[in-house]
Structures are given as C-alpha cells and as structure tokens.
Amino acid sequence: MGARNWKDDGSATSGHKIPFELDPPEKPKRNKFAFLCAIMASMASVLLGYDIGVMSGAAIFIKDDFKISDVKVEILVGIINLYSIIGAAAAGRTSDWVGRRYTMVLAAAFFFVGAIHMGLAPNYAFLMFGRFVAGIGVGYAALIASVYTAEVSPTSSRGCLTSFPEVFVNFGILLRYVSNYAFSKLPIHLGWRFMLGIGLIPSVFLAAVVILIMPESPRWLVMQGRFTSGVVTMTFLSLYRAITIGGVFFLYAGIATVGWVFFYVVFPETRGRNLENVEGLFGNFLWKFSVKKDEEKDAVENSGNKHGQSN
C-alpha cells in the first residue's frame, strides 16, 4: 500500500486531520516462470486452432484426390466438433486422475496420432479415423490449457494469463492459413497430406516442453494429498525471483542432502529383524551401536548352541 499523508481539516476546534494524498500502490513484480508456463500450456490451444481450421483448405484437395461427394466433405469438416465433445467430457476426469501435465501430454499424443493418420490416409475411412483421434485431442486441449494456466498463475496476473489460450487458438488458425497457402502449390495428392501431417511437429514440441520444463499444478498436488510436492512447486514459482532458478535448484539439492544424511543416521535398518526388535530400534539415535550389540549377542548365543549340540 502507498503511504498516506495528512493535513488539518481547517477547523479551529476539531483538530482532526484528513487524508489528502495517497501514493499509488507498488506494482507487483511479474512472475516470469509462471508467464512461461502459461505460454507453454497455451501451445495446446495452438494445436486446437490449427486442427479445427486446417481442414477448410485441405478439403478442396481431398475432394479432388479421393473423388468424394460434397456431403462427405461437409461431414469431414464439421465432424470434429462432435468428436471434441468426447475429449472434453473425458479431459476433466483424466486431469484429476493423472494430473494436468500428463493430460497435456495425452492431448499432444492424440494430435500426433491423428496427424499421422490423416497425413498418410489411403482412403476416406482412414482419414475419418484420424479426424476422430484429432477431435478427441481438440476436446482435451480446450479444457486442460485453461485449467493449468489458471492454477499456476499468481493472483496479480491471473486475468491476463488465462486469456492466453484464447489468443493462441487464433494464432493456430493463423498458422493454418499459412500452412494451406504454403502447401497449396504442391501436387493434389501431396498438398493436403502435408497440410494435415505437419501438425505432428508442434505436438511433439508440446510434449517435450511439458515433460522437461513445466511443473505439475500445485493445486492438483494438494488435491492428491501431496502437500510437500505442492509446496515445492509453489515455492519454486516464488523463490526463483529472489535467488534465481539456479539458486533454487541448489537450495533443493541442499535439502535433499540433509534429508539423505538424516535418513542414513537416524532411520534404522529393519531387514532380517522381527517386529519386537524393530520397535526397540526406533527413537534411539544410537541404533547402530544397539544393532551391533544385538549381532554380537546373537553370535555368542549361536556359537553356544552349536557348542552344546556338538557335545
């Protein structure tokens, strides 16, 4: 909050002061990592926009190549809206089950498989199957991009970042126009295949970025009871501004080292021991010496038993 300055209200008797100036509040710093995550998540919307619009240009060449009727062309272009309902209906449950990150990977996988099937389709039926797979990916992408962006965005910039998926949908449609124009000069039997098949490149890029860079949604981690992982994700999004990304990783490495030493020193080994002995080991910081004494005692008893049996 800004500093408040005061002045006298002008009354000779009251002595009250009234505020006359309020400095503007400090503008919160932009979380660059959350900004990057929102952009990467919106890559799914690029695939969505591209896959929805690319068929409008490719359909002209498909009709001439496969010699299909206008009705089949209309079905081919419009059926993706029906297929996407299946993906959208399954995306919510899937994202709650496997997490937001892997749901985006799954959406990219649907786009990848659909692009390959459509690009290599030998006939209309095979092309429709590829359209079906890609349509499911459209439904997944339409939901998960917005959900993930909203859950990783800080409150100060959530409104801006959650608009990215819609912006990137239009960017995908723009890429569709560029793709259709670029491949329209090719022979009929090749042009539409490149238009549809080129969509596998951004899907591979999206999957690689999600796996290598993007963290899991902290909200989903907390929903799964993984509070430590959720805290780590949230603190990473905040700490890197103070100590840089490299500093955050060194900090986590130090915590992991301390944890390793703690487990090695404090936690006893339980292999080959019954429950009574294990219970006696816990809570004893000198458990290694206790184990050694027990082993010596067992060795003495075993040697005594063997000596008695030999006699």
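Residues numbered from 1 in each chain as written. Predicted model: local features only at pLDDT ≥ 70, side-chain atom pairs only at ≥ 80, totals over all residues. Heavy atoms only, no water.

What follows deals with empty space enclosed by the protein. For the coordinates displayed, the defined rule picks out 1 cavity of 30 Å³ or more. In this model, the largest cavity occupies a volume close to 50 Å³. What lines the largest cavity is simply L47, Y50, D51, F111, G114, A115, M118, A134 and G199. Counting residues per element, the ones that place at least two in the lining of the largest cavity are helix 2 (43-66) and helix 4 (100-119). (1 Å grid on protein atoms, 1.4 Å probe; cavity = no way out; pocket = protein on both sides within 12 Å on 5 of 7 lines; lining within 4 Å. Points joined across faces, edges and corners; volume = space filled by probe spheres on them. Helix = DSSP H or I, 4+ residues; strand = E, 2+ residues; numbered from the N terminus.)

Within this numbering scheme, the UniProt entry marks residues 33-61, 73-90, 102-120, 126-148, 190-213 and 249-267 as carrying the feature "transmembrane region" (unreviewed entry). Across residues 73-90, helical content stands at 100% and strand content at 0%; the span's end C-alpha atoms are separated by 27 Å. (UniProt positions renumbered as here; feature names shortened; annotations may be inferred.)

For helix 8 (residues 188-197), the complete set of buried residues consists of G191, W192, M195, L196 and G197. Taken together, the buried residues of helix 8 touch helix 2, helix 4, helix 5 (124-152), helix 7 (164-183) and helix 9 (200-212). (Buried < 20%, exposed > 50% of the residue type's maximum accessible area, 1.4 Å probe, protein only. Contact = heavy atoms within 4.5 Å.)

A word on the packing of aromatic side chains. Per the counting criterion, the structure on display carries 6 aromatic pairs. Both rings, one in F66 and one in W192, keep their centres 5.3 Å apart while their planes meet at 70 degrees; by these two values the pair is edge-to-face. Pair noted here: F66 is in helix 2 and W192 is in helix 8, with a separation of 126 residues, a long-range link. In terms of burial, F66 and W192 fall into one category: buried. The interplanar angle of 40 degrees and the centroid separation of 6.3 Å between the aromatic rings of F164 and F168 together place this pair among those described as tilted. (Phe/Tyr/Trp six-rings, centres within 6.5 Å; stacked < 30°, edge-to-face > 60°.)

This brings us to the packing of helix 4 against helix 9. Between helix 4 and helix 9, whose axes approach to 8 Å, the crossing angle comes to 160 degrees. By the angle between their axes, helix 4 is roughly antiparallel relative to helix 9. In this structure, helix 4 crosses over helix 9, and the sense of that crossing is left-handed. On helix 9, the residues that touch R101, M104, V105, A108, F111, F112, A115 and I116 of helix 4 are L200, S203, V204, L206, A207, V210 and I211. (Axes fitted to C-alpha atoms, helices over the stretch in contact; angles between N-to-C directions. Parallel < 35°, antiparallel > 145°, perpendicular 65-115°, else oblique. Left-handed = near helix turned anticlockwise from the far one by under 90°.)

Attention shifts here to the packing of helix 3 (residues 70-98) against helix 5. Contact pair helix 3 / helix 5: the axes reach a minimum separation of 6 Å and the direction vectors enclose 40 degrees. By the angle between their axes, helix 3 is oblique relative to helix 5. Where helix 3 crosses over helix 5, the two elements pack in a sense that is right-handed.

Another aspect to go through is the nonpolar core. If you look at the biggest cluster of nonpolar residues, it comprises 30 residues, and the most contacted ones within it are M104, Y148, L206, V210 and M214. Listing elements by their share of this core, those giving two or more residues are helix 1 (32-41), helix 2, helix 4, helix 5, helix 7 and helix 9. It is helix 5 that provides the largest number of residues to this core, a total of 6 residues. When neighbours within four sequence positions are excluded, L206 is seen to be in contact with M40, M43, A44, L47, M104 and A108. (Core = buried A, V, L, I, M, F, W, Y, C linked by side-chain atoms within 4.5 Å.)

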